[in-house]
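Each chain is listed here by its residues.
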Amino acid sequence: KTSNFKRFGGPIQLASNAMQVLREMDGDMYDNIEGKATFTGNLTNGIKDGIRNEWYAMFDLKNPASNRGMPYTCVVERPDLQEILLN
């Protein structure tokens, strides 16, 4: 524990279902998070061999979210998310 908020940590992934819950709970908070987010759910996703440049497995994050009217999966810098949640 610390007595003061300090920026620490890297990005955290928020899946579509988590973003949907945040949107339903508090639209203003969601808008603030969305403003700091880098969306990845609409991109090619999977597990890739960085040396051979081959995909081991690919998975679709876009269509399940789109079909349900949910936001795409995203990443947010952990300190930014913490600051938004504290305010």
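Thresholds, definitions, all that
Within each chain, residue numbers correspond to sequence positions counted from 1 in written order. It should be noted that, the model being predicted, local features are given only for residues of pLDDT at least 70 and side-chain atom pairs only at 80 or more, the latter also being counted only at that level, while totals for whole chains, interfaces and linings use all residues. With hydrogens and water stripped out, all remaining heavy atoms of the structure feed into the side-chain values. What counts as an axis is a line fitted to C-alpha atoms, over the stretch in contact for a helix, and the angles between N-to-C directions run from 0 to 180 degrees. Secondary structure elements are defined from DSSP: runs of H or I of at least 4 residues count as helices, runs of E of at least 2 residues count as strands, and each element is numbered from the N terminus. With respect to orientation, any angle under 35 degrees is reported as roughly parallel, any angle over 145 as roughly antiparallel, any angle of 65 to 115 as roughly perpendicular, and every other angle as oblique. Take the far helix as your reference; a near helix turned counterclockwise from it by less than a right angle gives a left-handed crossing, and one turned clockwise gives a right-handed crossing. Contacts are assigned to residue pairs with any non-hydrogen atoms lying within 4.5 Å of each other. Under the convention adopted here, Pro, Cys and the residues Ala, Val, Leu, Ile, Met, Phe, Trp and Tyr are nonpolar, Asp, Glu, Lys and Arg are charged, and Gly plus all remaining residues are polar. Nonpolar core, defined: a set of buried Ala, Val, Leu, Ile, Met, Phe, Trp, Tyr and Cys residues in which side-chain atoms within 4.5 Å join the residues together. Exposed residues in this analysis have more than 50% of their type's maximum accessible area, buried residues have under 20%, and partly exposed residues fall in between, with area computed by a 1.4 Å probe over protein chains only.

Caption draft 1: The packing of helix H2 (residues 27–36) against helix H4 (residues 78–86), seen in detail. At their nearest, the axes of H2 and H4 sit 10 Å apart, and the two run at 165 degrees to each other. Between H2 and H4, the angle is such that the two are roughly antiparallel. The crossing of H2 and H4 is right-handed. Contact residues: H2 offers Met29, Asn32, Ile33 and Lys36, while H4 offers Asp80, Leu81, Ile84 and Leu85. Among the residues forming the contact of H2 with H4, the class breakdown is five nonpolar, one polar and two charged.

Caption draft 2: Fine view of the nonpolar core. Leu14, Met19, Leu22, Met29, Tyr30, Ile33, Ala37, Cys74, Val76, Leu81 and Ile84 together form the largest nonpolar core, which totals 11 residues. For this core, the element with the highest residue contribution is H2, accounting for three residues. Discounting residues that sit within four places of it in the chain, methionine 29 has contacts with Leu22, Ile84 and Leu85.

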